[in-house]
Amino acid sequence: REARARRAVDLSGPDRDPASLRFGVALDCTLAGREEAGWIVVEERCAGEGLAFANRFWAAPGTGEVARSEQW
């Protein structure tokens, strides 16, 4: 299944310099889940204001406990 969400996030640059902080960055996100090797894999793709990225989460069926994640 797929779901869409609009989110606002706060971001900093890779050096974490306070001058690079951006607050309330609006993102349009799509979440999709699938079964893979006994796990539920959820991929979240987000884009907005000149950036795009994907996050992935591996969750246990039944409990939803996240065992692994790859986050931008």
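In this text, all values refer to a predicted model and were calculated from it rather than measured experimentally.

Novice: Run through the nonpolar core, naming residues and quoting values.
Specialist: With eight residues, the main nonpolar core is built from Val9, Leu11, Val25, Leu27, Cys29, Cys46, Leu51 and Phe53. Counting only elements with at least two residues in this core, the list comes to β1 (2-11), β2 (22-36) and β4 (51-59). A total of three residues in this core trace back to one element, the largest contributor, which is β2. Once you skip the residues sitting within four places of it in the chain, Cys46 turns out to touch Arg7, Leu27, Asp28, Cys29, Leu51, Ala52 and Phe53.

Novice: Which residues make up the pairing of strand β5 (residues 66-70), and what values do they have?
Specialist: Residues in a regular strand project their side chains so that they alternate between the two faces of the sheet. Note that β4 and β5 share four bridges and pair antiparallel. Bridge pairing links Trp58 to Arg68 in β5. Following β4, the chain reverses through six residues before pairing antiparallel with β5; Gly62 in that reversal takes a positive phi of roughly 90 degrees.

Novice: Run through the state of the cysteines, naming residues and quoting values.
Specialist: Under the definition given, this model contains one disulfide. Covalently, Cys29 is tied to Cys46 through a disulfide, its sulfur atoms 2.2 Å apart. On the S-S bond that ties Cys29 to Cys46, the torsion sits near 110 degrees, and the link is right-handed. With Cys29 in strand β2 and Cys46 in strand β3 (residues 39-48), this pair connects stretches of sequence that are 17 residues apart.

Novice: Mind laying out the pairing of β2, listing which residues take part and the relevant values?
Specialist: As paired strands, β1 and β2 are joined by nine bridges and run antiparallel to one another. Within the sheet, the bridge partner assigned to Ala3 lies in β2 and is Leu31. Looking at chain direction, β2 and β3 are connected through nine bridges and run antiparallel. By the bridge assignment for β3, Arg34 is matched with Val41. Between β2 and β3, which pair antiparallel in sequence order, lie two residues; one of them, Ala37, sits at a positive phi of approximately 50 degrees.

Basis of the calculations
- Residues numbered from 1 in each chain as written.
- Predicted model: local features only at pLDDT ≥ 70, side-chain atom pairs only at ≥ 80, totals over all residues.
- Heavy atoms only, no water.
- Core = buried A, V, L, I, M, F, W, Y, C linked by side-chain atoms within 4.5 Å.
- Buried < 20%, exposed > 50% of the residue type's maximum accessible area, 1.4 Å probe, protein only.
- Helix = DSSP H or I, 4+ residues; strand = E, 2+ residues; numbered from the N terminus.
- Contact = heavy atoms within 4.5 Å.
- Pairing = 2+ DSSP bridges.
- Disulfide = S-S within 2.5 Å.

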